[in-house]
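If you want the building blocks of each chain, they are given just below.
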Amino acid sequence: MKRSDEMKRDLVGNDSTPLYAGVKQVILDRIHSGEWPPKYRVPSENELVVELGVSKMTANRALRELANEGELVRIQGVGSFVAERKGYSALFEVRNIAEEIAERGHIHEASVVILAQETASPEIADALELAIGAPVFHSLIVHSENGVPVQIEDRFVHPQAAPEYLEQDFTTLTPNAYLTAAAPLSGSEHVVEAAMPQAWECKLLTILKSEPCLTIRRRTWSAKQVVSTARLVYPGYRYRLEARSGKMFEE
């Protein structure tokens with residue numbers, strides 16, 4: 001840990017900002033420099049009071065805001081720890097999650113929970129532009145990164161768009177990769193929501209019921225035919241979604 005007098009000098013150097021913001025910056029500097037790696041236990045409120053000469057209220061606000069911003073994970077009765085860096089997914093691109101994970105140098109694994117033909121509920125029938133009760137293909141897959149679940153993929157597929165969908169081994173091939181080949185993408189629709197997980201989702205993602213999730217509802221088309229409708233659920237503390245638009249210029 002950085003010596004107390006060094007941390008105090010860092011804090012004094014931020015005298016143009018509110019004191020709690022200065023404490024936040026001191027902690028962020030340690031994190032971003034790599035001095036405090038992921039899962040490292042950061043000083044407690046009481047330790048920050050002694051080391052930096054700030055009030056307990058100031059230390060509490062700094063730690064609380066860093067936790068809200070995803071930089072720290074606070075465990076009641078245990079302490080505050082540097083959060084692991086989140087994986088990320090492009091928000092408005094239909095990408096293969098296995099490729100995203102591989103690009104980060106990590107290992108992708110998939111667990112198939114459901115792969116079956118079912119009858120379309122009113123909601124699914126409407127999304128796939130089919131009659132209620134028509135046959136549809138349903139897959140429920142949990143995608144993991146380095147052994148940690150990062151996405152539930154709950155997908156319904158139009159049988160005419162991908163008639164051999166149920167014959168695929170989705171532990172070695174993602175639905176995205178298969179459907180891209182079987183019915184080349186021509187358009188997509190995305191709806192993003194924040195939601196608390198259902199009990200069965202908590203079990204599949206190994207998260208607490210109190211952990212918020214990010215959800216994407218996505219429909220894809222090939223030519224004028226709807227190919228699939230999917231609900232993608234991400235644990236909020238493990239993943240982030242990104243989007244950029246317009247041209248990017250360097251000065």
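No experiment lies behind these values; they were computed from the predicted model shown. (Residues numbered from 1 in each chain as written. Predicted model: local features only at pLDDT ≥ 70, side-chain atom pairs only at ≥ 80, totals over all residues. Heavy atoms only, no water.)

Trainee: Help me understand the sheet that holds strand β6 (residues 148–157), please; the structure alone is not making it clear to me.
Mentor: Sheets are built from strands that pair by backbone hydrogen bonding, the pairs being arranged parallel or antiparallel. Strands sit in the order β4-β5-β6-β9-β8-β7 across an open sheet of 6 strands; the sheet is antiparallel. Two strands in the sheet have a free side with no partner beyond their single neighbour: β4 (108–119) and β7 (187–195). If you compare each strand with its neighbour and ignore which way they point, the axes differ by 15° on average. Judged from the 10 bridges that link them, strand β8 (residues 213–222) and strand β9 (residues 225–235) form a sheet pairing that is antiparallel. The residue of β9 that forms the bridge with S222 is Q225. Helix-sheet contacts for helix α7 (residues 175–182) involve β5 (135–145), β6 and β9, and the interaxial angle to β6 is about 35°. (Pairing = 2+ DSSP bridges. Helix = DSSP H or I, 4+ residues; strand = E, 2+ residues; numbered from the N terminus. Axes fitted to C-alpha atoms, helices over the stretch in contact; angles between N-to-C directions. Contact = heavy atoms within 4.5 Å.)

Trainee: What is the right way to look at the nonpolar core in this model?
Mentor: One recurring pattern in soluble globular proteins is that nonpolar side chains are buried together. Core analysis: the largest hydrophobic core is formed by 15 residues, its most contacted members being V23, I27, L48 and L72. At the level of secondary structure, the elements contributing two or more residues to this core comprise α2 (19–32), α3 (45–52) and α4 (56–68). Residues contacting L48, with those up to four places away along its chain left out, are V23, I27, P43, G53, V54, A59 and L63. One finds I141, A162, Y178 and V227 within the second-largest nonpolar core, a separate group that totals 12 residues. (Core = buried A, V, L, I, M, F, W, Y, C linked by side-chain atoms within 4.5 Å. Buried < 20%, exposed > 50% of the residue type's maximum accessible area, 1.4 Å probe, protein only.)

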